[in-house]
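What follows is each chain in one-letter form.
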Amino acid sequence: MAILEVRNIGKQFDNTKVLDNVSFSLEEGNALAIIGSSGSGKTTLLRCLNFLETPDKGSITVKGETLFDASMPRREQEKELRTKRLHFGMVFQSFNLFPQYTALENVMLSEKLLAKEQPDFKQKKKEIYERIEEHGVELLQQMGLAERMSHYPHQLSGGQQQRVAIARALALQPDILCFDEPTSALDPELTGEVLKVIRSLADRKTTMIIVTHEMAFARDVSDQLIFMDEGVIVEQGDPRQVIDHPQEERTKQFLTRYAQG
């Protein structure tokens, strides 16, 4: 059964149609790669899934629960928005770490904020915070950052900052982890360390959606691939089939331009 069902998502800004009837499903434990030129709608799609943007039409269902349906009244769409976002973890291009917090504090922050809403928080604050810290340490160790937990963002390389951001996104145990061009802000020599972490997450069957310009990575790591152009899904299917033997002319043109670039 699909963990995610996206049906006929549409979004426009002013008179510009950015997403046009985008539909796909994602199985639990699979990785979906989304490729396409700048401006093709990839990032807007991720932002709609994370409820950072509100689609104009369509529906989003996770684990059989409809989180968004454009036919619902606006008040219903916006109800429990933060709870809906918890289904998704988001890793941005530019890390978005808080400079005043250490790596570990950045990872722990969202869990600590949520913990304050627990009914027994005041009575069990110390115990709860200890558990959150243990979880944060474990996540940073998984990212290969055991020696960098007390470092502030400015003391970390770009690749290390992005790995902290991945740990932070994993902290709330989202159903689906989303990456928006996770290596685009990195120097080439730092790209490999981030891709290695994402590859290890795929090996552990983490359900992921990865917007990427790394074609070889998308082909080798993802279970499913979507090529978008001008707000529509032009082609989707097995990553090796789409990249090595594209069927649609627009896909062929994009991959040819990309290879030449």
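Once that is clear, we can look at the pairing of strand β3 (residues 31-35). The element β3 is largely enclosed, with a buried count of five among its five residues. Going residue by residue along β3, you find Ala31, Ala33 and Ile35 tucked away on one face and Leu32 and Ile34 tucked away on the opposite face as well. Here β3 pairs with strand β8 (residues 208-211) via four bridges, running parallel. In the strand pairing of β8, Ile34 is matched with Val211. Across four bridges, β3 lies against strand β9 (residues 224-229) in parallel orientation. Of the residues in β9, the one forming a bridge with Ala33 is Leu225.

The next thing to look at is the side chain of Gln160. Looking at where Gln160 falls in the secondary structure, it is placed in helix α6 (residues 158-171). Among the residues examined, Gln160 registers a relative accessible area of 14% and is labelled buried. Residues in contact with Gln160, not counting those within four places in the same chain, are Leu145, Arg148 and Glu193.

Before going further, it helps to examine α6. For α6, built from 14 residues, the straight-helix expectation of 20 Å at 1.5 Å per residue is met to within 8% by its first-to-last C-alpha distance of 20 Å. Judged by how many residues are buried, α6 sits mostly within the fold: 14 of 14 residues are covered. Just downstream of α6, Gln173 is the residue with a positive phi angle, here 50°.

Criteria and cut-off values
- Residues numbered from 1 in each chain as written.
- Predicted model: local features only at pLDDT ≥ 70, side-chain atom pairs only at ≥ 80, totals over all residues.
- Heavy atoms only, no water.
- Buried < 20%, exposed > 50% of the residue type's maximum accessible area, 1.4 Å probe, protein only.
- Helix = DSSP H or I, 4+ residues; strand = E, 2+ residues; numbered from the N terminus.
- Pairing = 2+ DSSP bridges.
- Contact = heavy atoms within 4.5 Å.
- Expected span 1.5 Å × (residues − 1).

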